Structures are given as C-alpha cells and as structure tokens.
Amino acid sequence: MNKFWEIAQLSDGSYVLRSSEEDSAPIVKIQFSADAKENLGDLIHDVAKAMIGAGVQVATGSFEPEEDEPNTVH
C-alpha cells in the first residue's frame, strides 16, 4: 500500500498533517488562536493548507527562499 500524507481538520478546529494510514499520529499540528480565527474568517482553511504546504516544501528541499527575504512575519 502506498503511503500518502493528508491535511485534515480535527474536531477541536486544529489542522494536522498526517499519514493516510489509519490511526496515524499527526506529523504537524497547527492551532489558531481565537483572534486569528476571527481575523481570517473563511480563509483559515487556505492559510492552514498554505502553512503546512510551505513546511513540506522546505522539508523536502523543493523551496529555497530568496536571499533578501526576511525571516520575520509582519
């Protein structure tokens, strides 16, 4: 059986990256504060997927930031 990773939203509202195998523990978990949820609204799903996707790209070596790109979030 092929193993895949999937992004899922848990019942507590957090997002996880996990193996598609049954009963697998999350590899990554993202939990947003109440303020973030309010500010992001319907975009929260897209933001979670983008954050996890960017992490996977960095981990697999398929993403290289530009040299002048800051390491801070505004």
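Predicted model, so just to flag it, every value in this text is computed and none were measured.

1. Focus on the nonpolar core
The tendency in soluble globular proteins is for nonpolar side chains to be buried side by side. Residues Tyr15, Leu17, Ile30, Phe32, Ile44, Ala48 and Ile52 constitute the largest nonpolar core, which totals 7 residues. Within the residue set of this core, elements represented by two or more residues are strand E2 (15–19) and helix H2 (44–60). The dominant element in this core, judged by the number of residues it contributes, is H2, at 3 residues. Those residues in contact with Ile44 that lie beyond four places of it in its chain are Tyr15, Phe32 and Lys37.

2. Here's the deal with the pairing of E2
Taking burial as the measure, the 5 residues of E2 include 4 buried ones, the bulk of the element. Examined bridge by bridge, strand E1 (residues 5–9) and E2 share 5 bridges and lie antiparallel to one another. Opposite Trp5, over in E2, you have Ser19 as the bridge partner. In this antiparallel pair of consecutive strands, E1 and E2, the connection spans 5 residues, and Gly13 shows a positive phi of 90°.

3. Digging into the pattern of salt bridges
Applying the stated rule across the entire model yields 2 salt bridges. When the shortest N-O distance is used, the salt bridge between Glu6 and Arg18 registers 2.9 Å. Highlighted residues: Glu6 in strand E1 and Arg18 in strand E2, separated in sequence by 12 residues. Using a relative accessible area of 26% as the deciding quantity, one classes Arg18 as partly exposed. Between Lys29 and Asp12 there is a salt bridge; the shortest N-O distance is 3.6 Å. With Lys29 in strand E3 (residues 26–30) and Asp12 in the loop between E1 and E2, the pair connects residues that are 17 residues apart, well separated along the chain.

Cut-offs used in this document
- Residues numbered from 1 in each chain as written.
- Predicted model: local features only at pLDDT ≥ 70, side-chain atom pairs only at ≥ 80, totals over all residues.
- Heavy atoms only, no water.
- Core = buried A, V, L, I, M, F, W, Y, C linked by side-chain atoms within 4.5 Å.
- Buried < 20%, exposed > 50% of the residue type's maximum accessible area, 1.4 Å probe, protein only.
- Helix = DSSP H or I, 4+ residues; strand = E, 2+ residues; numbered from the N terminus.
- Contact = heavy atoms within 4.5 Å.
- Pairing = 2+ DSSP bridges.
- Salt bridge = Lys/Arg side-chain N within 4 Å of Asp/Glu carboxyl O.

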